[in-house]
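# Descriptive structure summary
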Amino acid sequence: MVAELNALRDKIDETDKALLALLAQRMQLVAEVGEVKSQHGLPIYVPEREASMLASRRAEAEAAGVPADLIEDVLRRVMRESYTSENDKGFKTLNPTIRPIVIVGGKGKMGQLFERMLQLSGYQVRILDKEEWEQAASLVADAGMVIISVPIHLTEQVIQQLPPLPEDCILVDLCSVKKAPLQAMMAAHTGPVLGLHPMFGPDSGSLAKQVVVWCDGRYPEAYQWFLQQIEVWGARLHSATADAHDQNMAFIQALRHFATFAYGLHLCEENVDLKQLLALSSPIYRLELAMVGRLFAQDAQLYADIIMSSPDNIALIKRYYARFGQALSHLEKGDKASFIESFSTVQAWFGDYAETFMTESRSLLKAANDNRK
C-alpha cells in the first residue's frame, strides 16, 4: 500500500512540475503582452477580455470534467500576478510634453505609489515634503501638475500654504474626503483643479481593477489625459460630485470604520482570547475578525480623520447607534416576531443583491478556510 501511494505521489509531483512549466510559459507571454500594451498605451486591465476568457475556460473545464470554479480560481490568482508583473514593463506616456509633476507629501505611502506609477509612465517627478518646504517656490515654479498627498487633517492647510502655481498647472488632491479640499484648491489656484480619491491602499501591487473616484473642479479638458493615464494603469474611474462622494463615503468609510473600531474596542475591553477565538471560528467569522484586525494594523490618525471629517458622519453614526438600540430592545423583550419582521424588511430591501453577495462571498470564505493553519 505504501509503495502504491508513493508511486501515485511521484506522479502528482511530476504533474505539478508540468503545471509550473506551463505557468512560467504563461508569465513569459504575459510579459510580451505587457510590452505591446506599453508601446501602444493600452490599459493592462480589459474587463471584456477577462470575462470572455474566463467564460471560455469554465466551459472547457466542465467539458474536461474539471470543476469550473477551480479553473476560475486558479486563473484569477494567475491574472492578479500577471497584472502586477505588467507594471514592470512600464506604460506609455500619454502627455509627453507636460512639465515636471510635483507630489506634495511624496514621501508618504500613497505619494510613493503615485511617484512610482508616474515614473513608470515616463514622467519627471519631484517630491515636495516638509523637509523641502523651503524650496517649495522653486520646486513648483515650472510644474505642470501638483498632487497633494498628505494626511486629511493637513490637506486644506497645505493647499493654502502652496506658493503661486503656473496658471496652466493642474492642481490635484488624493484626499478621501472631497468637498473641503476641492473648495480649498479652487480658492488657492485659478487653473485646472481635479479631486481624486483612490479607493485602495498604497500597498496594492497593481492598480488593475482598483477604483479611483474623480471630482471635477475646473477645466476638465486640461486633465483628461491624466484620467486616461490612470485607466492605462488598469484602474476603473468613477465620476461623482464632491457632495455625492462625501455622502457615499460616510457609509463606505466613516460608518464602517467606526463600527469596526467599536467592535475591536469591545473585544479588547472583554479581553477575549484571540487565539482561542480563531481556533473556534468559522471561515466567515475568521474573515470578519481579520478585517477588524486589519484596521488596527494601520494608522489611528487616518481613521480618526476619516470618521471625524464631517458633522454629517457623526450624525449618521448616531442614527446607527439609535437603530442598534432599537434592535437590541427586540432581544431584551424576547420579541422574536419583531426581529424576524425587521430581518424580512431588510432582506426585501437588499433584493437580488443578497444572492449576489452570497455568491461573491463564497470565494472569500474558501480563501479564508484555505489560509487556516
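Provided above is the structure to which this section pertains.
Quick notes on the rules
- Residues numbered from 1 in each chain as written.
- Predicted model: local features only at pLDDT ≥ 70, side-chain atom pairs only at ≥ 80, totals over all residues.
- Heavy atoms only, no water.
- Helix = DSSP H or I, 4+ residues; strand = E, 2+ residues; numbered from the N terminus.
- Contact = heavy atoms within 4.5 Å.
- Buried < 20%, exposed > 50% of the residue type's maximum accessible area, 1.4 Å probe, protein only.
- Salt bridge = Lys/Arg side-chain N within 4 Å of Asp/Glu carboxyl O.
- Pairing = 2+ DSSP bridges.
- Right-handed = clockwise from strand over helix to strand, strands pointing away.
- Expected span 1.5 Å × (residues − 1).
- Arc of directions from axis to C-beta.
- Polar contact = N/O pair within 3.5 Å; in protein donor to acceptor, adjacent residues only side chain to side chain.

Moving on to the side chain of Gln-253. Relative to the elements of secondary structure, Gln-253 occurs in helix H9 (residues 242-270). Once residues lying within four places of it in the same chain are set aside, the contact partners of Gln-253 are Ser-176, His-197, Phe-258 and Ile-306.

For the rest of this paragraph, the subject is the environment of Phe-114. By secondary structure assignment, the location of Phe-114 is in helix H4 (residues 109-120). For Phe-114, a relative accessible area of 2% puts it in the buried group. When the C-alpha positions of Phe-114 and Ser-149 are compared, they lie 9.3 Å apart, and in sequence the two are 35 residues distant. In this view, Phe-114 contacts Ile-103, Leu-174, Pro-198, Phe-226 and Trp-233; residues no more than four positions away in its chain are not counted.

Evaluation of the coordinates by the stated rule reveals 14 salt bridges. Its salt-bridge partner being Glu-60, residue Arg-57 comes within 2.7 Å of it at the nearest N-O pair. Taken together, the residues Arg-57 and Glu-60, both in helix H2 (residues 47-63) and three residues apart, mark about one turn of the helix. For Arg-57, a relative accessible area of 30% puts it in the partly exposed group. The exposure class assigned to Glu-60 is partly exposed, which follows from its relative accessible area of 43%. Via salt bridges that share partners, Glu-50, Arg-58, Asp-69, Glu-72, Arg-76 and Lys-209 belong to a single interconnected network.

Here we come to the pairing of strand S1 (residues 101-104). Within a regular strand, the side chains alternate between the two sheet faces. Burial of the side chains of S1 extends over both faces: Ile-101 and Ile-103 are buried on one face and Val-102 and Val-104 on the other. Across four bridges, S1 lies against strand S2 (residues 125-128) in parallel orientation. Bridging from a neighbouring strand, Ile-101 pairs with Val-125 of S2. Crossover connection from S1 via H4 to parallel S2: handedness right-handed. Inspection of the sheet shows S1 paired to strand S3 (residues 145-148) by four bridges, in the parallel sense. The residue of S3 that forms the bridge with Val-104 is Ile-148.

Here we come to helix H13 (residues 311-332). The terminal C-alpha atoms of H13, which comprises 22 residues, lie 31 Å apart, in line with the 32 Å expected from a rise of 1.5 Å per residue. The set of residues buried in H13 consists of Asn-313, Leu-316 and Ile-317. All buried residues of H13 project into a common sector of 95 degrees when viewed along the axis, lining one side. Relative to its buried face, H13 has exposed residues pointing more than 90 degrees away, namely Pro-311, Asp-312, Lys-318, Tyr-321 and Glu-332. Residues of H13 that are buried in the fold lie against H9 and helix H12 (300-307). Two to three positions downstream of the cap, the backbone nitrogen of Asp-312 sits 3.0 Å from a side-chain oxygen, assigning the N-cap of H13 to Ser-310. At the exit of H13 stands Gly-334, carrying a positive phi of roughly 65 degrees.

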